[in-house]
There are 2 protein chains.
Amino acid sequence: MDRIKPRTLSGFMELLPAPQAQFEGMLERLRKTYSLYGFTPLDTPVIESAEILLAKGGGETEKQIYRFTKGDSDLALRFDLTVPLAKYVALHYNDLTFPFRRYQIGKVYRGERAQRGRFREFYQCDIDVIGDGKLDISNEAEIPAIIYNAFTSMGLERFKIRVNNRKILTGFYDMQGLGDQAADIMRTVDKLDKIGPEKVRALLIESGVSEAAAGEILSFIAITGSNGEVLQALEGYRGRNEIFDQGLDELGTVVKYLSAFGVPEDHFAVDLTIARGLDYYTGTVYETVMLDHPEIGSICSGGRYDNLAEYYTDKKLPGVGISIGLTRLFYVLGEQGYLNPDQNTAPADVLILPMTEDLSPAIAFATQLRNQGVRAQVYGEQKKFKAKMTYADKQKIPYVVFLGEDEISRGVVKVKEMTSGQQQELTPEEAVRSIAADLEKLKGQAPIREDKA
Amino acid sequence: MDRIKPRTLSGFMELLPAPQAQFEGMLERLRKTYSLYGFTPLDTPVIESAEILLAKGGGETEKQIYRFTKGDSDLALRFDLTVPLAKYVALHYNDLTFPFRRYQIGKVYRGERAQRGRFREFYQCDIDVIGDGKLDISNEAEIPAIIYNAFTSMGLERFKIRVNNRKILTGFYDMQGLGDQAADIMRTVDKLDKIGPEKVRALLIESGVSEAAAGEILSFIAITGSNGEVLQALEGYRGRNEIFDQGLDELGTVVKYLSAFGVPEDHFAVDLTIARGLDYYTGTVYETVMLDHPEIGSICSGGRYDNLAEYYTDKKLPGVGISIGLTRLFYVLGEQGYLNPDQNTAPADVLILPMTEDLSPAIAFATQLRNQGVRAQVYGEQKKFKAKMTYADKQKIPYVVFLGEDEISRGVVKVKEMTSGQQQELTPEEAVRSIAADLEKLKGQAPIREDKA
């Protein structure tokens, strides 16, 4: 037979079992966190009509999208989860209850040039709250809490959520008489981290901003400190622009509720330099950076927008949402050695090695374990003892149970804890109880582990 | 602005929040069941090289597959999870430990003619055990236990797993000197349920089978009764064909281990009429039928095969696996009224209605609830009281908590259980404990509910 060389397309992540189990662990923790905040799970098709997905259009999207025909349908693969959400809410508007809070975790597709750490198929893990006409600021205040809990549940701790409010920026530039140039200025200011304040000043002046205004901008974006200090400094601008004042009130509200939401102050910073998607966000915006790896960029971003579904409906649907690009994050964490080697990634918690021809006692014991939620496998292959132990070792199965004539006749099982090598004889009931209790401790091992600085 | 009418492609399931929550409940239970049997989660790309997916070729597949080019790549969407598994095992052979036990739950694509209850995008929920060269019969014996637990965990009870062994069929037809015609005969016999024995006999004779042989075939497939009775009757054929005898031994082993695996005898039947994928399966084959809806056909099928990845590698990789087509099953269950209306499908367990301008106490209570695993939402919109209650009602949120100045000053919360309408004042700690305990009971509500016959 002519064989075809097996391969996986470049730009598509395909994991071996152990890292896949860690990836699943992250998905599970995200589903749980999102659920705790009252978001309902949503699933939409990967394929949509191209007309729907490209309603907004735009250069990069049109270039990267996977688009094809089937029969006489012009189809495309979704490139994010926001456009499908907009379609969903517009289509099912009458059947939904607002504010509509959904999470969606799914694969999206972008035919980018393949390069290290860039993926053409990747998971987005999104939450959005959609209002009907209006949406209270408290929803924007809640987002940092969700980000905080999403990452800490996965084991990440050394990160900071950066928050800004687009109204503050818009109001500030209006005050300076620079309203028309605001978008360009924000793009320049966004480079601050990379090129430093003096180059930003030069670029601003080069683009036609007066020296005085450039000075104002630089002293504005230089406002840093604790949340209280930043808010205090911003108060100095109050009363000169209505939008600015509204943004400042909103930012104050977001900061005020942090502690009630359980977000430690050191995981949160007001940062006047961030702006995010310039033509989309209108209120609070969020970025999340890893303290030890700022070069990775934001690992969770989003913000408040005013009009989710304007391409599909005349209903005004404001919302706030964030997205975690989990495939890239997982890749980066792996590269940086952040994946926890102590997490239990074995396919089973217990491998039962029957030493008798009749497997019934081994199977019955496996059934007992499973009934108590312990993942068990009976090893039924005819192999040498050493090969069986290697099977457990290679997959890091935490417990091996031996069951021979002798144990069966005495009504016991022999349990070997593989890490310590300790071995003991227990009744099946004792063994189930003891293993189940020990596994509870293993569950505390999150997928991510940082070496604390 | 020119608006585009929002729509979802026909043949693509897109659920509203409540049914989506039920669908998620099924996915969760399947993940858990598959895990308990020591299967590791696997994820492979939705897009593969067309050459890989079409290695086997074949008419229906080529017609139905979504195939397209991007740049100069000839790509396609996977139409099942078996071909990607074959590629995965061939590609990562050196990194895997055998027997390799994986589950995969994911969407697959088939551009069928759209019709009621048929989907172009649907979930398959598969498990497979792959051996390296050999695979013990005990793996085949385990499958009915997994099917049984998968369905009962979702709340389905009135179903039967039908099992046969292809070696018994092959051996039997060899005995009759009909080895060459066996495939055609099996296709005819497969119609037994629909057309009855006499029409099967007529078709067999028409196709050239002698009257005597047709009689033999009809009395063979008429063998029914308890598992013990069927095995007993089959013993009457022993000693005439080696393959038959081997199949009978295998079937005996599968039946023997049922009770150790915890499968009730009444959920299992040997059925000599089933054959499944004629060019693929070589040992035990499985079908699962709903007792009250046999017209739906098999809701979980699979079997033993000898050569998973022959198109990609010369390694012999025998395996056994089953697949549940969850999208279609979910659709059918919905149509038949089997989706449990008492399952908790609300996005949150508790809706907190703050009656004060400062939301901090409400948020702090929500944080307390979430810390104990209770899904909580603070309703922060400026709406009339009635609109807030309607929000809880419409989404069937089980608890509403009122928190006004009065409650805050007295250190209590007012909890309303929405089903009974009962209302009580509790300290926040008492409320969390009481709600968390009540919710444990709700968790017992599975996604499927049958009216017991």
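Residues numbered from 1 in each chain as written. Chains lettered and ligands numbered in written order. Predicted model: local features only at pLDDT ≥ 70, side-chain atom pairs only at ≥ 80, totals over all residues. Heavy atoms only, no water.

## Details of the sheet that holds strand S11 (residues 319-325) of chain B
Residues and elements named next belong to chain B. Taken in spatial order, the eight strands of this open sheet run S1-S5-S6-S11-S10-S9-S7-S8, and their pairing is mixed. Here the strands that pair on one side only, and so sit at the sheet edges, are strand S1 (40-41) and strand S8 (268-270). Across seven bridges, strand S6 (residues 121-130) lies against S11 in antiparallel orientation. Bridge pairing in S11 links Asp126 to Ser323. In the packing of helix H13 (residues 326-335) onto the sheet, the strands contacted are S6, strand S9 (281-290) and S11, and the crossing angle to S11 comes to about 40°. (Pairing = 2+ DSSP bridges. Helix = DSSP H or I, 4+ residues; strand = E, 2+ residues; numbered from the N terminus. Contact = heavy atoms within 4.5 Å. Axes fitted to C-alpha atoms, helices over the stretch in contact; angles between N-to-C directions.)

## Considering the environment of Glu121(B)
Within the secondary structure layout, Glu121(B) lies in strand S6. Overall, the relative accessible area of 4% leaves Glu121(B) in the buried class. Distance from Glu121(B) to Tyr281(B), taken between C-alpha atoms, is 25 Å for residues 160 residues apart in sequence. Not counting residues within four places of it along the chain, the set of residues in contact with Glu121(B) comprises Pro45(A), Val46(A), Ile47(A), Gly11(B), Phe12(B), Lys107(B), Val108(B), Tyr109(B) and Thr327(B). A polar contact is formed between the side chain of Glu121(B) and the side chain of Lys107(B), at a distance of 3.5 Å. (Buried < 20%, exposed > 50% of the residue type's maximum accessible area, 1.4 Å probe, protein only. Polar contact = N/O pair within 3.5 Å; in protein donor to acceptor, adjacent residues only side chain to side chain.)

## Side note on empty space enclosed by the protein
Summed over all chains, the structure comprises six cavities of 30 Å³ or more. In this structure, the largest cavity encloses a volume near 570 Å³. Elements with a contribution of two residues or more to the lining of the largest cavity: helix H1 (17-36) and strand S5 (100-109) of chain A together with helix H1 (17-36) and strand S5 (100-109) of chain B. Residue contributions to the lining of the largest cavity peak at five residues, all from S5(B). Broken down by class, the residue content of the lining of the largest cavity amounts to 15 nonpolar, two polar and ten charged. (1 Å grid on protein atoms, 1.4 Å probe; cavity = no way out; pocket = protein on both sides within 12 Å on 5 of 7 lines; lining within 4 Å. Points joined across faces, edges and corners; volume = space filled by probe spheres on them. Nonpolar A, V, L, I, M, F, W, Y, C, P; charged D, E, K, R; others polar.)

## Some details on the packing of helix H7 (residues 182-189) of chain A against helix H9 (residues 197-206) of chain A
All names here are of chain A. For the pair H7 and H9, interaxial distance at closest approach is 9 Å and the crossing angle is 155°. One element, H7, and the other, H9, form an angle in the roughly antiparallel class. Classified by chirality, the crossing of H9 by H7 is right-handed. Residues Ile185, Thr188 and Val189 of H7 touch H9, and the partners they reach there are Val200, Leu203 and Leu204. For the contact of H7 with H9, the per-class residue count stands at five nonpolar, one polar and no charged. (Parallel < 35°, antiparallel > 145°, perpendicular 65-115°, else oblique. Left-handed = near helix turned anticlockwise from the far one by under 90°.)

## Examining the interface of chain A and chain B
Contacts between chain A and chain B engage 98 residues on the former and 100 residues on the latter. The junction of chain A with chain B conceals about 8500 Å² of combined surface from both sides, 59% of it contributed by carbon and sulfur atoms. Here chain A is connected to chain B by eight salt bridges. Notably, a salt bridge pairs Arg370(A) with Glu142(B), separated by 3.2 Å at the nearest N-O pair. Linking chain A with chain B are 48 residue pairs in polar contact (both at pLDDT 80 or more), by the criterion used here. Here the side of chain A that touches chain B takes seven residues from H1(A), the largest share from any one element. A class-by-class count of the residues in the side of chain A that touches chain B yields 49 nonpolar, 21 polar and 28 charged. (Buried area = accessible area lost by both parts, 1.4 Å probe. Salt bridge = Lys/Arg side-chain N within 4 Å of Asp/Glu carboxyl O.)

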